[in-house]
Structure formats: structure tokens, C-alpha cells
Amino acid sequence: KINHVTIKDIQNDIIDEFSMFDDWMQRYEYMIELGKSLPLIDDQYKTDDNIIKGCQSKVWVHAEMNDNKVVFTADSDAIITKGIIAILIRVFSNQTPKDIIDADTNFIDEIGLKEHLSPTRANGLVSMIKQIKMYAIAYQTQVN
């Protein structure tokens, strides 16, 4: 049985990856690269219901339960935003609703992401996390 990779493990990996870069230009480029590996949302889910409110660019997030874990897919029409949601999905996808709900998101401050985003993007980031947690809460209710 493969050891379950915890949210904390993934967050620590991301902190390590971001610390390899000397400046924010490199980090932005890295985020854009991460965005290219995003598990893309099915076109059928690119609906207004799945749009994250409070983002300046369009971000769609879809969640489904698979084997008691929440699996997220997403897309965005902006490359940096796509990188941001890719990071969040890497952290929260394939985790149980409870783990997602209980998780902290301090890693975002540790990599310095918030302070290097425009205020509207930073708000968008908070909205994305809220939405991911909302999905988890909804599935948690179904599980119990």
C-alpha cells in the first residue's frame, strides 16, 4: 500500500521548489509552467456555476468524489491564475474532505505568493481556497 501523501507533505514540497529560485520573475515563470500541467476541467463544467467569484480572470473549478477523496479539475483564461489554481489543486486534490477542511494554507505566505500578487489576484486566491473548501464541506456532509 502506497503511503498516503498528506497535504502538509505537498505544501512542503512546494515551499522547497519555490525556495530554489532567486527572484520572483523565475517564480512566475515556474507558476506558468505549473499551470500547463493543470488537470484540465471538462468543457461541460465550464459553466457559470463553477466560476470562482471574486477573481479578475475567469477561473473554473470542478470537484468530484472518487474513492472517498475529492478530485479537482480547473482552468483559467489567465496564465498566472492558471499557475495559482494548479498549485492549489496539487495540494488539495485526491485528499479526503476532512483533510481539506482541516488544512491550513500557511504555505502560501511561506512562498511569499500573496505579497507578490496584485490585490485583485490576492483576493482571487482567497476565493479559490474558499471554493475548494466549500466543495470539501459539501462532500463531507454527503459522507456523514
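All values derive from a computational prediction rather than experimental measurement.

Undergrad: Could you clarify how one ought to interpret the nonpolar core in this entry?
TA: Note on soluble globular proteins: their nonpolar side chains tend to be buried together. Core analysis: the biggest nonpolar cluster contains 44 residues, and Met31, Phe72, Ile85, Leu88 and Phe92 have the highest contact counts within it. With near-sequence residues (within four places) excluded, Phe92 lies in contact with Ile7, Val70, Phe72, Ile100, Ala103, Thr105 and Ile132.

Undergrad: Would you mind going over the pattern of salt bridges with me for this structure?
TA: Pairing between side chains of opposite charge can happen when their charged atoms approach one another. Under the defined criterion, the tally for this structure stands at seven salt bridges. Among the salt bridges present, the one from Lys46 reaches Asp75, with a minimum N-O distance of 2.9 Å. Of this pair, Lys46 sits in the loop between helix H2 (24–36) and strand S1 (59–66) while Asp75 sits in strand S2 (residues 69–76), and the two are 29 residues apart along the sequence. With relative accessibility at 9%, the residue Asp75 sits in the buried group. One salt bridge connects Asp109 with Lys114, and the closest N-O pair in it is separated by 4.0 Å. When its relative accessible area of 45% is taken as the criterion, Asp109 is described as partly exposed. Take Lys114: its relative accessible area is 36%, and that puts it in the partly exposed class. The network of salt bridges with common partners includes Lys46, Asp75 and Lys82.

Undergrad: How should I be thinking about the packing of helix H1 (residues 7–19) against H2 in this particular structure?
TA: Helix packing for two helices is described by the angle between their axes and how far apart those axes are. Orientation of H1 relative to H2, taken along the N-to-C sense of each, is 130 degrees, at an axis distance of 10 Å. It follows from the interaxial angle that H1 and H2 lie oblique. Contact residues: Glu17, Phe18 and Ser19 in H1; Trp24, Arg27, Tyr30 and Met31 in H2.

Rules behind the numbers
Every chain's residues receive numbers from 1 upward, in the order its sequence appears when written. Note on the predicted model: pLDDT of at least 70 is required for a residue's local features to be given, and 80 or more for side-chain atom pairs to be given and counted; whole-chain, interface and lining totals, by contrast, use all residues. In computing side-chain values, all of the structure's heavy atoms are included and hydrogens and water are not. In plain words, nonpolar cores are sets of buried Ala, Val, Leu, Ile, Met, Phe, Trp, Tyr and Cys residues tied together by side-chain atoms within 4.5 Å. Burial classification: accessible surface area is computed with a 1.4 Å probe over protein chains only, and a residue below 20% of its type maximum counts as buried, one above 50% as exposed, and the rest as partly exposed. Any two residues having at least one pair of non-hydrogen atoms within 4.5 Å are treated as being in contact. The rule for a salt bridge is simple: a side-chain nitrogen of Lys or Arg has to be within 4 Å of a carboxyl oxygen of Asp or Glu. A run of H or I in DSSP becomes a helix once it reaches four residues, and a run of E becomes a strand once it reaches two; helices and strands are each numbered from the N terminus. Helix axes are fitted to C-alpha atoms over the stretch in contact, other axes to C-alpha atoms as well, and angles between N-to-C directions run from 0 to 180 degrees. Any angle that is under 35 degrees is reported as roughly parallel, and any over 145 degrees as roughly antiparallel; angles of 65 to 115 degrees are reported as roughly perpendicular and all others as oblique.

So far we have only geometry, and geometry alone does not tell us how the molecule works.
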